[in-house]
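Each chain, written out:
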Amino acid sequence: ALTAGPAALVAPGPANAANEKADAALEEIVVTAQRREERLQDVPIAITVLQGGALDTSSAVSLFDAIGNVPGVAITGGQNAGLQGGGAQIAIRGVTAGGPQLAGTSPIAYYLDGIPFGLVKSAVVPDTGAFDLDRVEVLRGPQGTLYGASAQNGVVRILTKDADLQDFDVKVRASAGSTEGGGGNYRGDLAVNIPIIEGKLAARAVIGEESLSGWIDSPVRNQVNDARLTTLRLKVNAQPTDDLSMGLSVWHSDSKYGAPSIARDDDTITATQPEPTDIHYNTYGFKIGYDFQPFSVSSIASYLDYG
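The numbers attached to residues start from 1 for each chain and follow its sequence in the written order. Given that the model is predicted, a residue must reach a pLDDT of at least 70 before its local features are reported, and side-chain atom pairs must reach 80 or more before they are shown or counted; all residues, however, enter totals for whole chains, interfaces and linings. Water and hydrogen atoms were dropped before computing side-chain values, which therefore reflect all heavy atoms in the structure.

**Student:** Break down the overall build of the protein chain for me, citing the residues and quoting the values.
**Tutor:** Each helix and strand in the protein chain was counted, giving 4 helices and 18 strands. The long-range share in the protein chain, meaning contacts at least 24 apart out of those at least 6 apart in sequence, stands at 57%. Throughout, the Shrake-Rupley method with a 1.4 Å probe supplies accessible areas, and for residues the shown protein chains are the sole cover considered. Split by element, the accessible area of the protein chain, about 16000 Å² in all, is 55% carbon and sulfur. Secondary structure elements are defined from DSSP: runs of H or I of at least 4 residues count as helices, runs of E of at least 2 residues count as strands, and each element is numbered from the N terminus. Here, two residues are considered to be in contact whenever any of their heavy atoms come within 4.5 Å of each other.

Written out as structure tokens, the structure reads:
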């Protein structure tokens, strides 16, 4: 089963003006689920694609909200569930690790721009934010042939936008709200694309900041489970020749929580000592590819720092 959001279905038959307009309105979806660019309809995998533009304008509070709506996918955790650093545990078709921590590695592979995010004895993965993404690919079923032993029951691939070698671009998103029993919340995101050498070299930077009010009171202070989330991303893409391409990516995320979001029915806790959680991760990736016309070759090296 292939799904990719709302789409018009055109029955086979004689072409007419209405069909031609409908075909023109349909956007061809290209994915890289099999390590090469292919049309979604040509991929023999149960795959769902979430388009980045739709995520930018959606009402989803986090990326987990969007992924949790994919058929066959369930999310346990997130910002308000008390898991370490606001992370979550992903299940596809009912299969996942025995627990979020110290119960084995997740059988669902999780990739950030081609960089595998896998932890030993932990199935918790981070919420990367849903701003300025190119797309999210969710592959259901065993994918070990292409993604190794960590993909026993599926793969989630978070793909951000590459730097545009031609055009300068600025994109901003902001939102505000309030928490019942707490205070105000705000979120701001900024993306900037700068061509350094037109057609040859460009950089794209994304900055995101989110402040969440808590709703749990303790003897020490009110709204003890507040949070501040920071995301920084940088991508540098180069095209020295028509056949040679290179890309460097750096991704930093820092999640500071005042306390776990676990309380009694009256939204209070008895702890008198601070219970802060500060989880951060940094990923670094370098990709190089060359098109030999009959075939192409690419290689990626990556480094993950999580703590």
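**Student:** Could you give an account of the pattern of salt bridges, naming the residues involved and the relevant values?
**Tutor:** In the sections that follow, a salt bridge refers to a side-chain nitrogen of Lys or Arg positioned within 4 Å of a carboxyl oxygen of Asp or Glu. This structure, assessed with the given rule, holds 18 salt bridges. Of the charged contacts, one joins Arg135 and Glu137 as a salt bridge, the two residues approaching to 2.6 Å between their closest N and O atoms. The salt bridge involving Glu209 is made with Arg228; its shortest N-O contact spans 3.0 Å. Of the two residues, Glu209 sits in strand S14 (residues 201-212) while Arg228 sits in strand S15 (residues 227-238), which places them 19 residues apart along the sequence. Among the charged side chains, a salt-bridge network with shared partners connects Asp56, Asp132, Asp169, Lys171 and Arg204.

**Student:** Quick rundown of the sheet that holds strand S13 (residues 184-197)? Include the residues and the values.
**Tutor:** One requirement defines pairing of two strands: DSSP has to find at least two bridges between them. Ordered in space as S12-S13-S14-S15-S16-S17-S18, the 7 strands form an open sheet in which the pairing is antiparallel. With one partner strand each, in any of the chains shown, strand S12 (169-178) and strand S18 (296-306) form the two edges of the open sheet. For this sheet, the mean angle separating the axes of adjacent strands, direction not counted, is 5 degrees. Relative to S14, S13 is paired through 11 bridges, and the arrangement is antiparallel. Residue pairing for S14: Leu190 is matched across the bridge by Ile207. Throughout, an axis means a line fitted to C-alpha atoms (over the contacting stretch in the case of helices), and angles, computed between N-to-C directions, take values from 0 to 180 degrees.

**Student:** With reference to specific residues and values, describe the pairing of strand S6 (residues 88-92).
**Tutor:** Across the 5 residues of S6, 5 count as buried, placing the element largely inside the fold. We call a residue buried when its accessible area falls under 20% of the maximum for its residue type, exposed when it is over 50%, and partly exposed in between, using a 1.4 Å probe and counting protein chains only. Of the two faces of S6, the one holding Ala88, Ile90 and Ile92 and the one holding Gln89 and Ala91 are both buried throughout. Pairing of strand S5 (residues 73-77) with S6 involves 5 bridges; the strand directions are antiparallel. When the sheet's bridge partners are listed, Ala74 is paired in S6 with Ala91.

**Student:** Account for the environment of Thr272, with residues named and values stated.
**Tutor:** Along the chain, Thr272 turns up in the loop between strand S16 (244-257) and strand S17 (277-291). Sequence separation between Thr272 and Val220 is 52 residues; the distance between their C-alpha atoms is 5.8 Å. Those residues within four positions of Thr272 in sequence are excluded, and the remaining contacts are Pro219 and Val220.

**Student:** Residue-level account of the packing of aromatic side chains, with values.
**Tutor:** In this scheme Phe, Tyr and Trp rings, the latter by its six-membered ring, pair at centre separations within 6.5 Å, and the angle between planes marks the pair as stacked below 30 degrees, edge-to-face above 60, and tilted otherwise. Applying the stated criterion across every chain yields a total of 7 aromatic pairs. For the pair Tyr111 and Tyr147, a centre-to-centre distance of 5.4 Å together with 70 degrees between the ring planes defines the contact as edge-to-face. Taken as a pair, Tyr111 in strand S7 (residues 108-112) and Tyr147 in helix H4 (residues 144-147) lie far apart in primary sequence, 36 residues in all. Residue Tyr111 shares its accessibility class with Tyr147, and that shared class is buried. Ring geometry for Phe117 against Tyr306: centres 5.5 Å apart, planes inclined by 90 degrees, an arrangement best described as edge-to-face. One end of the pair, Phe117, is in the loop between strand S8 (115-116) and strand S9 (124-125); the other, Tyr306, is in strand S18, and 189 residues separate them in sequence. Three or more aromatic residues link up through ring pairs in this structure, and these residues are Tyr110, Phe117, Tyr281 and Tyr306.

**Student:** Describe the pairing of S16, and please don't skip the residues or the numbers.
**Tutor:** Examined bridge by bridge, S15 and S16 share 12 bridges and lie antiparallel to one another. Residue pairing across strands places Ala238 opposite Met246, the latter belonging to S16.

**Student:** Break down the sheet that holds S6 for me, with residues and values.
**Tutor:** One open sheet accounts for 3 strands, arranged S5-S6-S9; its pairing is antiparallel. Each having just a single partner strand, S5 and S9 make up the two edges of the open sheet.

**Student:** Lay out the side chain of Glu38 with the relevant residues and their values.
**Tutor:** If you trace the backbone, Glu38 turns up in strand S3 (residues 38-39). At 2.9 Å, the side chain of Glu38 and the side chain of Gln34 are in polar contact. The residues touching Glu38, leaving out its near neighbours within four places in the chain, are Ile29, Val30, Val31 and Val43. Contacts described as polar in this section are N or O atom pairs within 3.5 Å, which, within protein, must combine one atom able to donate a hydrogen with one able to accept it, while residues neighboring in sequence count only if both atoms come from side chains.

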